[in-house]
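Observations on the three-dimensional arrangement
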Amino acid sequence: MQTRYGVHFDHFKTYTTDQTREEFLVTGLLRAGEINLVYSHYDRFIFGGAVPTTQPLALPNDEALRAACFLERRELGILNLGAAGTVGVDGTDYHLERFDCLYVGRGSREVTFRSAHPGTPARFYLNSAPAHCPYPTTKFTQAQANRVELGSQETANERVLYQYIHENGIKSCQLVMGFTELLPGNVWNTFPPHTHERRMEVYLYFDLPEDQLVMHFMGQPTETRHLAVRNEEAVISPPWSIHSGAGTSAYRFVWGMAGENQAFTDMDAAPLASVR
Ligand SMILES: O=C[C@H](O)[C@@H](O)CC(=O)C(=O)O
Ligand SMILES: [Zn+2]
């Protein structure tokens, strides 16, 4: 498990492209036959990928957690971005098709990942946050997710959000999780941009053609920087940062948050007149 520490916005102003990528960009999470995890010190959020092929993969109890098991003090959200697969939780199997989501509550001891067909594996994307109590392990299909339509074709930001783990969906302690899909011909996500001082957020861009990229914008609204992001790469957003991108094609991205509250609408829109 990699570790990423926090950065102050005054220090961030001095960052080069390489420093910005080293601290905030995460690559190689979804590799065939591997589980890869990153521990961010923003809200102690762990995110990663599990792509089982011929062998099942088990959620490791990383030494850095000093825990009896990974979920001793944590909760976990899993979104399947690939073909069908199964997540086993303490002996119970949950079958996850593409875009099914499983929430696993605190205290679950064994979590395993399997693909239905090793040649076309499941691609499980994982988000985890510290949890103060157990909520029931729960699966939602895409049809059960809350659908939110935002933006318009005229401003190239027409998109649909699917909210799975949130205040009015799957119950959790901290975790808020779902994904956003741009309609064909639209390229801008999360525009106009916002910050949420009470929560950090991680984006994982996916379904972006391999030869295309997303220019992801971060930083305080008056001091923006950008990252060139490829398919299945993630960006960590500190609570002081906007997190918005424009792609060279349409794409999807998973968003996951944790922090002081779970109120999706507790965000401060960056007034466009002030963005620099
Ligand atoms: O705090 C909320 C997150 O940034 C995303 O859900 C926003 C998003 O998917 C979008 O506007 O496209
Ligand atoms: Zn946000």
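Keep in mind the model is a prediction, meaning the values are calculated, not measured.

Quick look at the pattern of salt bridges
Counted by the stated rule, this structure contains 14 salt bridges. The partner of glutamate 63 in a salt bridge is arginine 66, with the nearest N and O atoms 3.5 Å apart. One salt bridge connects aspartate 207 with arginine 98, and the closest N-O pair in it is separated by 2.7 Å. A residue pair is termed long-range when its members are at least 10 positions apart, and aspartate 207 in the loop between β18 (199-206) and β19 (214-218) and arginine 98 in the loop between β8 (92-96) and β9 (101-104) qualify at 109 residues. Judged by relative accessible area, arginine 98 falls into the partly exposed class, the value being 34%. The structure contains a network of salt bridges with shared partners spanning Arg98, Glu181, Asp207 and Arg252.

Some points on the site of ligand 1
Neighbouring ligand 1 are 14 residues, the closest being Arg159, Thr180, His196, Glu201 and Tyr203. Contact distances for ligand 1 include 3.3 Å between an oxygen atom and a backbone N or O atom of threonine 190. A distance of 2.8 Å is found between an oxygen atom of ligand 1 and a side-chain nitrogen or oxygen belonging to tyrosine 203. Within the complex, the protein chains bury 98% of what would otherwise be the 330 Å² of accessible surface of ligand 1. Judged by its atoms lying within 2 Å of the grid points, ligand 1 is housed in the largest pocket. Secondary structure elements with two or more residues in the shell around ligand 1: β14 (159-165), β18 and β23 (252-259). Looking at which element gives the most residues to the shell around ligand 1, the answer is β23, with three residues.

Here we look at the UniProt feature "binding site: Zn(2+)" (unreviewed entry) in the protein chain
The UniProt record annotates "binding site: Zn(2+)" (unreviewed entry) at His194, His196, Glu201 and His243. In sequence the annotated residues extend across 50 residues, while in space they remain close, none of their C-alpha pairs exceeding 11.5 Å. Checking the named residues against the largest pocket, the ones that line it are His194, His196, Glu201 and His243. Relative accessible area serves as the criterion here: at 9%, histidine 194 is assigned to the buried category. In contact with histidine 194, not counting residues within four places along its chain, are Glu201, Ser241, Ile242, His243, Met267, Asp268, Ala269 and Ala270. Separated by 3.4 Å, the side chains of histidine 194 and histidine 196 make a polar contact.

Rules behind the numbers
- Residues numbered from 1 in each chain as written.
- Chains lettered and ligands numbered in written order.
- Predicted model: local features only at pLDDT ≥ 70, side-chain atom pairs only at ≥ 80, totals over all residues.
- Heavy atoms only, no water.
- Salt bridge = Lys/Arg side-chain N within 4 Å of Asp/Glu carboxyl O.
- Helix = DSSP H or I, 4+ residues; strand = E, 2+ residues; numbered from the N terminus.
- Buried < 20%, exposed > 50% of the residue type's maximum accessible area, 1.4 Å probe, protein only.
- Near = heavy atom within 4 Å.
- Polar contact = N/O pair within 3.5 Å; in protein donor to acceptor, adjacent residues only side chain to side chain.
- Areas by Shrake-Rupley, 256 points an atom, 1.4 Å probe, with all protein chains shown as cover.
- 1 Å grid on protein atoms, 1.4 Å probe; cavity = no way out; pocket = protein on both sides within 12 Å on 5 of 7 lines; lining within 4 Å.
- Sits in = over half its atoms within 2 Å of the grid points.
- UniProt positions renumbered as here; feature names shortened; annotations may be inferred.
- Contact = heavy atoms within 4.5 Å.

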